[in-house]
Amino acid sequence: MTEQTRIGVVGTGFIGRGIVMALENQPDLAVSHVLTNSDISKRSDFPGKHLLTNSIDDLISGSDLIVECSGEAVSATYVVDRVIKAGLPVVTMDAELQVTTGSYFAKKGFITEAEGDQPGCLAALDEEARQMGFTPRVYGNVKGYLNLNPTIEDMRFWSQKQGISIDKTTAFTDGTKVQIEQALVANGLGARIIQDGMLGPEAEDIQSGGLILAEAAKKMGAKVSDYILAPGAPAGVFIVAEHEERLVPYLRYYKMGEGPWYTLVRNFHLCHLEVLKTVRRVLDGGEVLLNNSTAPTVSVGAIAKRDLEPGYVLKRGIGSFDIRGTALSIADNPKHVPIALLTGAVLTEAVKAGSSITFDDVEVPASLACDIWLKNN
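We now turn to the structure provided with this report. Within every chain, residues take consecutive numbers counted from 1 along the sequence as written. Per-residue local features of the predicted model are confined to residues with pLDDT of at least 70, and side-chain atom pairs are confined, for both listing and counting, to 80 or more; whole-chain, interface and lining totals are unaffected and use all residues. Note that the side-chain values use all heavy atoms of the structure and ignore hydrogens as well as water.

Digging into the sheet that holds strand S7 (residues 135–143)
Hydrogen bonding along the main chain pairs the strands of a sheet, whether they run parallel or antiparallel. Threshold: Paired strands, as defined in this entry, are two strands with at least two bridges between them according to DSSP. Strands here are runs of E lasting at least two residues and helices are runs of H or I lasting at least four, both read from the DSSP assignment and numbered beginning at the N terminus. To define axes, lines are fitted to C-alpha atoms, for helices over the stretch in contact only, and angles between the resulting N-to-C directions are given on a 0 to 180 degree scale.
With respect to topology, four strands assemble into an open sheet ordered S8-S7-S9-S10, the strand pairing being mixed. In the strand order of this sheet, the two ends are held by strand S8 (224–229) and strand S10 (262–266), each with one partner. Between one strand axis and the next, the sheet turns by 25° as a mean value, whatever way the strands run. Bridge count between S7 and strand S9 (residues 237–242): six bridges; the pairing is antiparallel. Note on S9: the bridge partner recorded for Tyr139 is Ile239.

Listed below in structure tokens is the structure:
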């Protein structure tokens, strides 16, 4: 009988459920425990309810590798801190965690983002591109729709239709998710952002949108991480790259165009189904696919969607109807509050719609994640 590697999972949402189901048919891998903060007695919706636990100790003692996919950066930081201290490798599908405290953990142990979500898929495409001799200049995310301030009624409708939580639906819609994803890509792949909030040009297709970003990257003299808004394009990722001039005839023959910019597209990202590729990569002794680096230059702050008064409590950071996320330069915004830390924060100063939120404006709840951020930035 094949000895099975024990996989612990953190998170019981849409992705967590999918990962558990994906692992069911893997003869050499088995889910040991699934950590949840919820009341287990009420989780009849979860496949493999017997796997659920509220104990971090049980998760750690029963696992050889941990997959973290909760999307809750503050609570996940406590868990990952324990896991890293126990010496276990961590695979995440949690860009929110990565851009908040991932760099701290990258100094302490093994943590990598997985393929499946856009950042991991871009990292995998980057590996392939460089192996073929391309020099990437643009790491691009494809977004089909953007509404910076959606209504709660619309978000409830789409949440029910898509089967994901309302906060996740809101973060996708108002651009917070893409800002977080591309901040992680910038840090992990050594790129920059063109401007705070990124450029995000509208485009008819990936190639034309990528060209706009490539010209901006050329002017900056640096690799850039950004996105395009292209409703008709596939929901994937792309890289715009250069290659040697002497190979132009070959690339022309391969239908890649005349250059100097060549667009490489990965026209899908299959989330939980692709996590297994990274799990096996780690178990086979492979290197980190992507993390937030040990010296990040980009963070994700918050912009008020409406006027906020002193004393107001922000119920959520990511996926909020009060604020949205925006990628920004850490050096140029030293007082910004990472958006993931703002859940439960109390406004101490008035903040006008469209303004950024700083540590001077709010009282942020105490947490390990907040402590790590303040000590390391």
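Things to note about the state of the cysteines
Filter applied, for reference: We call a pair of cysteine sulfur atoms a disulfide whenever their separation is within 2.5 Å.
Inspection of the entire model under this criterion finds zero disulfides. The cysteine Cys69 is free of any disulfide, with Cys271 supplying the nearest cysteine sulfur at 11 Å. Between Cys271, a free cysteine, and Cys121, which holds the nearest cysteine sulfur, the sulfur-to-sulfur gap is 7.7 Å.

Describing helix H1 (residues 14–23)
Threshold: For the exposure calls, accessible area comes from a 1.4 Å probe over protein chains only, and a residue counts as buried if that area is under 20% of its type's maximum, exposed if over 50%, partly exposed in between. We call two residues contacting when some pair of their heavy atoms lies within 4.5 Å.
Among the ten residues that make up H1, seven are buried, leaving the element largely enclosed by the rest of the structure. Turning to H1, its buried residues are Ile15, Gly16, Gly18, Ile19, Val20, Ala22 and Leu23. Buried residues along H1 sit against strand S1 (5–10), strand S2 (29–35), strand S4 (65–68) and helix H11 (272–283).

Topic: the pattern of salt bridges
As a reminder, the rule being used: By salt bridge we mean one thing: a side-chain nitrogen of Lys or Arg within 4 Å of a carboxyl oxygen of Asp or Glu.
Applying the stated criterion across every chain yields a total of 22 salt bridges. Ionic pairing is found between Lys177 and Glu181, a salt bridge with its closest N-O pair at 2.1 Å. Pair noted here: Lys177 and Glu181 are both in helix H8 (residues 176–189), with a separation of four residues, about one helical turn. Assessed through its relative accessible area of 3%, Glu181 is described here as buried. With its nearest N and O atoms 2.4 Å apart, the salt bridge here joins Glu274 to Arg266. What makes Glu274 buried here is its relative accessible area of 3%. The class of Arg266 is buried, set by a relative accessible area of 13%. Among the charged side chains, a salt-bridge network with shared partners connects Glu72, Asp167, Lys168 and Arg316.

Points about unusual backbone geometry
A cis amide bond links Gly259 with the next residue in sequence, Pro260, at an omega value of 0°. Within the secondary structure, Pro260 is located in the loop between helix H10 (248–253) and S10. For Met198, which is not glycine, the phi dihedral falls at a positive 65°. Locating Met198 in the fold gives a position in the loop between H8 and helix H9 (206–220). Judged by its relative accessible area of 3%, Met198 falls in the buried class. The backbone of Ser293 sits at a positive phi, close to 70°, despite the residue not being glycine. Position of Ser293 relative to the elements: it lies in the loop between H11 and strand S11 (298–304). What makes Ser293 buried here is its relative accessible area of 17%.

Let's talk about the sheet that holds S4
Across the sheet, which stays open at both edges, the six strands sit in the order S3-S2-S1-S4-S5-S6 with parallel pairing between neighbours. Across the chains shown, the open sheet's two edge strands, defined by having one partner strand only, are strand S3 (52–53) and strand S6 (111–113). Together, S1, S2 and S4 form the strand contacts of H1, whose direction differs from that of S2 by roughly 155°.

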